[in-house]
Amino acid sequence: MPLYPFPGGLRLPAGKDTLPPFAVCPLPERLIVPLGPPGGPAAFCRVAPGQPVRRGTRLADPLDAAGAAVHAPAAGVVAAIGPRVLADPKAPVRCVEILVDGTDARETLPPVESPFDADPAELLQRIRDAGIVGLGGAGFPTAIKAGTPCRHLIVNGAECEPLVQSDDTLMRRQAADVIAGARVLARITGASEVTIALEDRLTAARAALAEALGANTDLRIVTVPSIYPSGGERQLIYSLTGQEVPGGQPATAIGILCQNVATVAAVWRAVRHGEPLTARLVTVAGRGVMRPTVFEVRLGTPFEWVITQAGGYAPDAARLLEGGPMMGIAQPHDAIPVTKTTTAIVVQTTSETAPAMEQPCIRCGECARVCPVRLMPQQLLTAVRREDWAQTQALALRDCIECGCCSHVCPSHIPLVDWYRFGKAELDRRIDTRQRADRSRALFLGRTQRLEREQAERVARVAARKESLAQAAVVVTVETPSAPAAGEPSPAPSTAPRTMDKAAVLAAIARGKARKAANPPRPAPPAPDEDA
Ligand code: SF4
Ligand code: SF4
């Protein structure tokens, strides 16, 4: 199969020369389980404090299609529910805190007996119910991505960041699950082509996959050069197909579905064994930990506990990262929990984190040369520093995958990625503020229009009533007829009402006035003369 080298990228020392030991991380005393992604909607919580749960009990339902179900990672009792700051500090996330009881009682969904004959809609629903999201770090709900038909499924095992070996370990230990999960996803999406891609240095993982595949040819295993960031979704798709995913669009827009190997294995376990997503593999590495290990960790386990299982911090440990050394996010403390998107916990030492003195940009162009997205990092830096948000958008800041290549090569030690993260957060904040302002404006306009409409209706009702009163017949009961003329017999008094229209009433009033004028009131008699 021909490969297409993507632009830019770096050959980095991988730090993966030896296979790290694998261990199942013991259960901590408490688990902190987020109900949604940072900055995203939290799922609808189905439990309350004091409620006992088992491993696999559904804790929360997604609020919309962009969410994912959440399950209890271990048996215990719900101790508290409230907001917590996680590794991604965008915004606090509502979390369920579980006091672990140690029984590890569990509940599962009914297994799908014949997954390769099952209705794709049923399989998709199972993925949704099991709360499976992209385990490569993106965390996007798998059911949404897999719900789009595609022609080519790419299973991403090209774990390109230095030190991180979670996917490598998974492929070696669960190769059969990866192969079976890929077949399930191919059935759901209708993909006729399935490729499992991994870096060329992962020879043990490749051998395990080849053994699990046997003589079957419905999937192919392809190795890609170990050039960082070959595991980026867009870079991997380009390497394998020569196709570029249009900016701002998902890969499914060009008929390709790309899923991480761990996600694919989780799909199989959910479908065939009815297992909700309650644990994941996490690499604990870096010179700052005593015994680097790949752990199977229950979701919600605090970093502190996991690092303790890896022998604790080295004496010169200086910086804690959630993620690998290139794309990881520095953490101020280790009381944050492992989530569905935690691929690695890396601890760096004092010597690795010694701050280099930042210098002015010398316009060497190195940052643009290594950028795998063909951005112009130097211009982007200027735009973000000036807070010229229109320009940052024109320079496609959002297409930056935060790979860190530009910062890594910058001879002036400018923390370019930090600036881009700040710029993206600011753009998000501005969009959020604008959306909130638009919503408020729409509400205000709606209220004003409603009040105006009600006022107009009231005026119209009053006018209509006046009109109907003016036009309606007036019913008058006349009890005293006018005096008969001299010599005429007095008519018998009538008690029957007489109906008179308005003209008749006016005529009667006029007659009354005429009579009054003809018979003016007699002058009052003179006052008696008191002296007489
Ligand atoms: S690599 Fe650094 S110094 Fe060179 S152009 Fe880019 S920002 Fe400027
Ligand atoms: S961090 Fe962004 S701008 Fe820098 S090299 Fe990577 S994609 Fe390009």
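Residues numbered from 1 in each chain as written. Chains lettered and ligands numbered in written order. Predicted model: local features only at pLDDT ≥ 70, side-chain atom pairs only at ≥ 80, totals over all residues. Heavy atoms only, no water.

## Brief notes about the site of ligand 2
- Taken together, 13 residues lie near ligand 2, and Cys371, Cys400, Cys403, Gly404 and Cys406 sit nearest.
- Looking at the shell around ligand 2, the elements that each hand over two or more residues are α13 (405-409) and α14 (416-471).
- Here the shell around ligand 2 is composed, by residue class, of 11 nonpolar, 1 polar and 1 charged. (Near = heavy atom within 4 Å. Helix = DSSP H or I, 4+ residues; strand = E, 2+ residues; numbered from the N terminus. Nonpolar A, V, L, I, M, F, W, Y, C, P; charged D, E, K, R; others polar.)

## Looking at the UniProt feature "binding site: [4Fe-4S] cluster 2" (unreviewed entry) in the protein chain
- In the numbering used here, UniProt assigns the feature "binding site: [4Fe-4S] cluster 2" (unreviewed entry) to Cys371, Cys400, Cys403 and Cys406. Considering the C-alpha atoms alone, the annotated residues occupy 36 residues of sequence yet fold into one spot, their largest mutual distance being 10.7 Å.
- Among the secondary structure elements, cysteine 403 is positioned in the loop between α12 (389-394) and α13.
- Those residues within four positions of cysteine 403 in sequence are excluded, and the remaining contacts are Tyr228, Pro229, Met326, Met327 and Pro372.
- Within the secondary structure, cysteine 406 is located in helix α13.
- When neighbours within four sequence positions are excluded, cysteine 406 is seen to be in contact with Cys367, Val370, Pro377, Leu416, Val417 and Tyr420. (UniProt positions renumbered as here; feature names shortened; annotations may be inferred. Contact = heavy atoms within 4.5 Å.)

## Observations concerning the sheet that holds strand β3 (residues 44-45)
- With antiparallel pairing, 3 strands are arranged side by side in an open sheet as β3-β5-β6. A single partner strand is all that each edge strand has here, and the edge strands are β3 and β6 (70-71).
- Here strand β5 (residues 58-61) runs beside β6; their pairing, made up of 2 bridges, is antiparallel. Opposite arginine 58, over in β6, you have histidine 71 as the bridge partner. (Pairing = 2+ DSSP bridges.)

## As for the sheet that holds strand β14 (residues 293-298)
- Pairing in this open sheet of 6 strands is mixed, and the strands run β1-β14-β13-β17-β15-β16 from one edge to the other. Two strands bound the open sheet, and with one partner strand each, they are β1 (22-24) and β16 (329-331). Within this sheet the neighbouring strands show an average axis-to-axis angle of 30 degrees, counted without direction.
- Summarising the sheet, β1 and β14 pair through 3 bridges and their orientation is parallel. Looking across to β14, one finds that phenylalanine 22 is bridged to valine 294.
- Lying over the sheet, helix α3 (residues 166-173) contacts β1, β13 (279-285) and β14, oriented at roughly 130 degrees with respect to β13. (Axes fitted to C-alpha atoms, helices over the stretch in contact; angles between N-to-C directions.)

## Re the layout of surface pockets
- If you add up the space inside the second largest pocket, you get close to 1400 Å³.
- Lining the second largest pocket we find 45 residues, and of these Arg319, Pro325, Gln348, Glu352 and His408 sit closest to its centre.
- Among the secondary structure elements, those contributing two or more residues to the lining of the second largest pocket are β13, β15 (317-322), β16, β17 (344-349), α9 (350-353), α13 and α14.
- Looking at the lining of the second largest pocket, the element that brings in the most residues is α14, giving 4 residues.
- Tallied by class, the residues present in the lining of the second largest pocket amount to 25 nonpolar, 13 polar and 7 charged. (1 Å grid on protein atoms, 1.4 Å probe; cavity = no way out; pocket = protein on both sides within 12 Å on 5 of 7 lines; lining within 4 Å. Points joined across faces, edges and corners; volume = space filled by probe spheres on them.)

## So, unusual backbone geometry
- The amide bond that connects tyrosine 228 to the next residue, proline 229, takes the cis arrangement and shows omega of 0 degrees.
- Within the element layout of this structure, proline 229 appears in the loop between β11 (220-224) and α6 (233-241).
- One non-glycine residue, aspartate 104, lies in positive phi territory at about 55 degrees.
- Its identity as a non-glycine residue notwithstanding, alanine 396 has a phi of 60 degrees, on the positive side.

## Some thoughts on the site of ligand 1
- The environment of ligand 1 is formed by Cys361, Ile362, Arg363, Cys364, Gly365, Cys367, Gln378, Cys410, Pro411 and Ser412.
- For the shell around ligand 1, the residue count by class is 6 nonpolar, 3 polar and 1 charged.

## Brief notes about the packing of aromatic side chains
- The final tally for this structure, using the stated rule, is 4 aromatic pairs.
- Here the aromatic rings of tyrosine 4 and tyrosine 238 are separated by 6.5 Å at their centres, their planes lie at 65 degrees, and the arrangement is edge-to-face. In this pair, tyrosine 4 sits in the segment before β1 while tyrosine 238 sits in helix α6, placing the two residues 234 residues apart along the sequence.
- Residue classification places tyrosine 4 among the partly exposed residues on the basis of a relative accessible area of 34%.
- One aromatic cluster in this structure is built from Trp389, Trp419 and Phe422. (Phe/Tyr/Trp six-rings, centres within 6.5 Å; stacked < 30°, edge-to-face > 60°. Buried < 20%, exposed > 50% of the residue type's maximum accessible area, 1.4 Å probe, protein only.)

## Some words on the pairing of β11
- Pairing analysis gives 5 bridges linking strand β10 (residues 193-199) to β11, with the strands arranged parallel. Residue pairing for β11: leucine 198 is matched across the bridge by threonine 223.
- Read from β10 through helix α5 (residues 203-213) to β11, the crossover connection turns out right-handed. (Right-handed = clockwise from strand over helix to strand, strands pointing away.)

## Focus: the state of the cysteines
- Evaluated as defined, the whole model comprises 0 disulfides.
- Cysteine cysteine 95 is unpaired, with the sulfur of cysteine 45 as its nearest cysteine sulfur at 11 Å.
- Assessed through its relative accessible area of 2%, cysteine 95 is described here as buried. (Disulfide = S-S within 2.5 Å.)

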